[in-house]
Amino acid sequence: MHTVSGGEVAGILVAVFWAILVSFLAVALARVAQTLRATTKLVADVTDQAVPLLADASSAVRSAQTQIDRVDAIASDVQEVTANASALSSTVASTFGGPLVKVAAFGYGVRRAIGGRKEEEPPGASRRTVIVGRTIPAARRGKRNTRKKRD
């Protein structure tokens, strides 16, 4: 029989250790390769889905820009109409305002003059005296004054 020396036992142990280490490394590399394949597939799927989404987003942005341009055109038209209405209003006020005020004042004066001649009231007949927030008619005021004179 052949005797095994200590160096041979150490060599066998190192060989077994290396075999176990290589098998662990092979399993780890197989899992890393599997993870890389899954990651590659995931990135490809995300790319396939992201491209249409980006195209849709770009279309939405273009549509929004078109709508903003339309709103801007409408706002400028409204501003122009407002300026025209203001100018028209000031023109009408300056053209018809003065003469209408004069006609109204003349009519009021005529009405007042005609009304004043028909109803001639003695001055002070419609006057009232206010005492501590209350109004006393002129007829009662006269009675009070006569009582004071008698006393």
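The following refers to the structure shown. Along every chain, residues carry numbers that run from 1 in the direction the sequence is written. Residues qualify for local features only when their pLDDT is at least 70, as the model is predicted, and side-chain atom pairs are given and counted only at 80 or more; totals for whole chains, interfaces and linings, by contrast, use all residues. Values reported for side chains reflect all heavy atoms of the structure, with hydrogen atoms and water molecules removed beforehand.

1. Topic: the overall build of the protein chain
Convention followed: Labels follow the DSSP assignment, with helices taken as runs of H or I lasting at least four residues and strands as runs of E lasting at least two, numbered in each case from the N terminus. Note on areas: these come from Shrake-Rupley sampling with a 1.4 Å probe, and a residue is covered only by the protein chains present in the view.
When you go through the protein chain residue by residue, the secondary structure sums to two helices and two strands. Walking the protein chain from its N terminus toward its C terminus, one meets helices and strands in the order α-β-β-α. Of the roughly 13,700 Å² of accessible surface on the protein chain, 65% is carried by carbon and sulfur atoms.

2. A word on a nonpolar patch on the surface
Test applied: Residues forming no salt bridge and having over 30% relative accessible area are the ones grouped into patches, like charges within 9 Å of each other and nonpolar side chains (Val, Leu, Ile, Met, Phe, Trp, Tyr) within 5 Å. For salt bridges, the criterion is a side-chain nitrogen of Lys or Arg within 4 Å of an Asp or Glu carboxyl oxygen.
On the surface, I12, V16, I20 and F24 cluster together into a nonpolar patch covering about 400 Å² of accessible area. Relative to the helices and strands, V16 is located in helix α1 (residues 6-118).

Shape descriptors only; they carry no functional weight alone.
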